[in-house]
Amino acid sequence: MPRHEGVRDNRYKLISFYDHQAWEFYDLKEDPQELNNRYGDSAVKEQVHRLKRRLEALKRRYGVSKR
């Protein structure tokens, strides 16, 4: 498994594979098995941005360095 970090809420999950500069985004309500990566889907753009901001805030809070 490549090194990664991520964040989720009750419905969505965002994962960053930072060594590969790749992202995954899942709608856990519609896709609980995480089979459909929707990261580039404009319909979920705002949710992706919201979770990216949350991930950065958590990294600052816990002193995790930027990758």
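A quick note: this is a predicted structure, and the numbers were derived from the prediction, not measured. (Residues numbered from 1 in each chain as written. Predicted model: local features only at pLDDT ≥ 70, side-chain atom pairs only at ≥ 80, totals over all residues. Heavy atoms only, no water.)

1. Here we look at unusual backbone geometry
When glycine is set aside, most residues are seen to have a negative phi, and most peptide bonds are trans. The phi dihedral of Q21 falls on the positive side, at around 50°, and the residue is not glycine. The topology assignment puts Q21 in the loop between β2 (12–17) and β3 (22–27). We note that E34 has phi near 55°; this positive angle belongs to a residue other than glycine. Structurally, E34 is set in the loop between β3 and α1 (45–61). (Helix = DSSP H or I, 4+ residues; strand = E, 2+ residues; numbered from the N terminus.)

2. A closer look at the pairing of β3
Here 6 bridges tie β2 to β3, and the two strands are oriented antiparallel to one another. Bridge pairing in β3 links F17 to A22. (Pairing = 2+ DSSP bridges.)

3. Things to note about the pairing of strand β1 (residues 5–8)
Looking along a regular strand, one sees the side chains alternate between the two faces of the sheet. The side-chain alternation of β1 yields one buried face, formed by E5 and V7, and one unburied face, formed by G6 and R8. Relative to β2, β1 runs antiparallel, the two sharing 4 bridges. Bridge assignment links V7 to a residue of β2, and that residue is L14. Following β1, the chain reverses through 3 residues before pairing antiparallel with β2. (Buried < 20%, exposed > 50% of the residue type's maximum accessible area, 1.4 Å probe, protein only.)

4. Some remarks on the environment of Y26
Along the polypeptide, Y26 turns up in strand β3. Here the alpha-carbon distance between Y26 and R11, two residues 15 residues apart in the chain, equals 8.4 Å. Y26 has contacts with R11, Y12, K13, I15, D31, E34, L35, N36 and N37, leaving out every residue within four places of it along the chain. Reaching out from Y26, the side chain makes a polar contact with the side chain of E24 at a distance of 2.7 Å. (Contact = heavy atoms within 4.5 Å. Polar contact = N/O pair within 3.5 Å; in protein donor to acceptor, adjacent residues only side chain to side chain.)

5. Thoughts on the nonpolar core
In summary, soluble globular proteins display a tendency toward joint burial of nonpolar side chains. V7, Y12, L14, F25, V44, V48, L51 and L55 together form the largest nonpolar core, which totals 8 residues. Where this core is concerned, the elements lending two or more residues are β2 and α1. Among the elements that take part in this core, α1 stands out by supplying 3 residues, more than any other. In this structure L51 touches V7, D9, Y12, K13, L14 and F25, once residues within four positions along its chain are discounted. (Core = buried A, V, L, I, M, F, W, Y, C linked by side-chain atoms within 4.5 Å.)

All quantities given are derived from atomic positions and should not be read as evidence of function.
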